[in-house]
Amino acid sequence: LPCTKSFGPHRLVAKFYKDVQIRAAPILAKLFQNIEEKRLLPNLFYKTSIILILNSSKDTTTKRNYSLIFLMNIDAKISSKILTN
């Protein structure tokens with residue numbers, strides 16, 4: 001995952017996991033195995049931060065001039081990347 005992406009609700013970014021990948025890999029592998037066995041995602045996978053971004057228009061009083069950005073936790077992003085690949 002790109003290191004330039006914003007962090008989600010638990011405030012960890014991809015760079016953190018890249019820096020500690022040797023220690024984090026077994027923990028994440030166990031987490032993903034539990035998800036597969038139990039067929040249930042941890043609650044943290046459902047948490048997102050919602051950010052409003054003003055579009056190119058300068059009119060801040062109209063809601064259609066904003067875009068919503070949903071920021072997921074990095075664990076959820078990693079698992080979706082694994083499942084996608």
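Every value quoted in this text rests on a predicted model; they were computed, and no experiment measured them. Each residue is numbered by its place in its chain's sequence as written, counting from 1. With the structure being a predicted model, the display of local features is reserved for residues of pLDDT at least 70 and the display and counting of side-chain atom pairs for 80 or more, all residues being used for whole-chain, interface and lining totals. With hydrogens and water set aside, each side-chain value is computed from the structure's full complement of heavy atoms.

### As for the nonpolar core
Only buried Ala, Val, Leu, Ile, Met, Phe, Trp, Tyr and Cys residues count toward a nonpolar core, and they belong to the same one when joined by side-chain atoms within 4.5 Å. Under the scheme applied here, a residue whose accessible area is under 20% of the maximum for its type counts as buried, over 50% as exposed, and between as partly exposed, the area being computed with a 1.4 Å probe on protein chains only. With 10 residues, the main nonpolar core is built from Ala14, Tyr17, Ala24, Leu28, Phe32, Ile35, Phe45, Ile74, Ala76 and Ile78. Counting from the N terminus, the helices are DSSP H or I runs at least four residues long and the strands are E runs at least two residues long. Of all the secondary structure elements, the ones that give two or more residues to this core are helix H1 (14–19), helix H2 (21–38) and helix H3 (74–84). By residue number, the principal contributor to this core is H2, which donates four residues. The contact rule is simple, with two residues in contact once any of their heavy atoms fall within 4.5 Å. Not counting residues within four places of it along the chain, the set of residues in contact with Phe32 comprises Phe45, Asp75, Ile78, Ser79 and Ile82.

### A short note on the pattern of salt bridges
Each reported salt bridge corresponds to a side-chain nitrogen of Lys or Arg within 4 Å of a carboxyl oxygen of Asp or Glu. This structure, assessed with the given rule, holds one salt bridge. Two residues, Lys15 and Asp19, come together in a salt bridge whose shortest N-O distance is 3.0 Å. Of this pair, Lys15 and Asp19 both sit in helix H1, four residues apart, which is roughly one turn of the helix. Here Lys15 falls in the partly exposed class, since its relative accessible area comes to 42%.

### What about H2?
Given a rise of 1.5 Å per residue, 18 residues ought to cover 26 Å, and the 25 Å separating the end C-alpha atoms of H2 matches this to within 8%. What H2 keeps buried is the set Ala24, Leu28, Phe32 and Ile35. Taken down its axis, H2 places every buried residue within 65° of arc, on the same side. Opposite the packed face of H2, turned more than 90 degrees from it, sit the exposed residues Ile22, Arg23, Pro26, Ile27, Lys30, Glu37 and Lys38. Where H2 is buried, its residues meet H1 and H3. Where H2 ends, the next residue or the one after it, Arg39, has phi of about 55°, a positive value. A helix is expected to reach a length of 1.5 Å times the quantity of its residues less one. Here the arc refers to the set of directions running from the helix axis out to each C-beta atom.

### What about the environment of Leu31?
Tracing the chain through its elements places Leu31 in helix H2. Look past the residues within four positions of Leu31 in its chain and what remains in contact with it is Pro42 and Phe45.

### Concerning a nonpolar patch on the surface
The patches reported here contain residues having more than 30% relative accessible area and no salt bridge. Joining distances are 9 Å for like charges and 5 Å for nonpolar side chains (Val, Leu, Ile, Met, Phe, Trp, Tyr). Residue-level accessible areas treat just the shown protein chains as cover; the underlying method is Shrake-Rupley with a 1.4 Å probe. Taken together, the side chains of Ile50, Leu52, Leu68 and Phe70 define a hydrophobic patch exposed on the protein surface, amounting to about 430 Å² of accessible area. Secondary structure elements with two or more residues in the nonpolar patch: strand E1 (48–54) and strand E2 (66–72). Summarising the element assignment, Leu52 is placed in strand E1.

### What about the environment of Asn65?
Mapped onto the elements of the fold, Asn65 is located in the loop between E1 and E2. For Asn65, a relative accessible area of 13% translates into the label buried. Distance from Asn65 to Leu31, taken between C-alpha atoms, is 40 Å for residues 34 residues apart in sequence.

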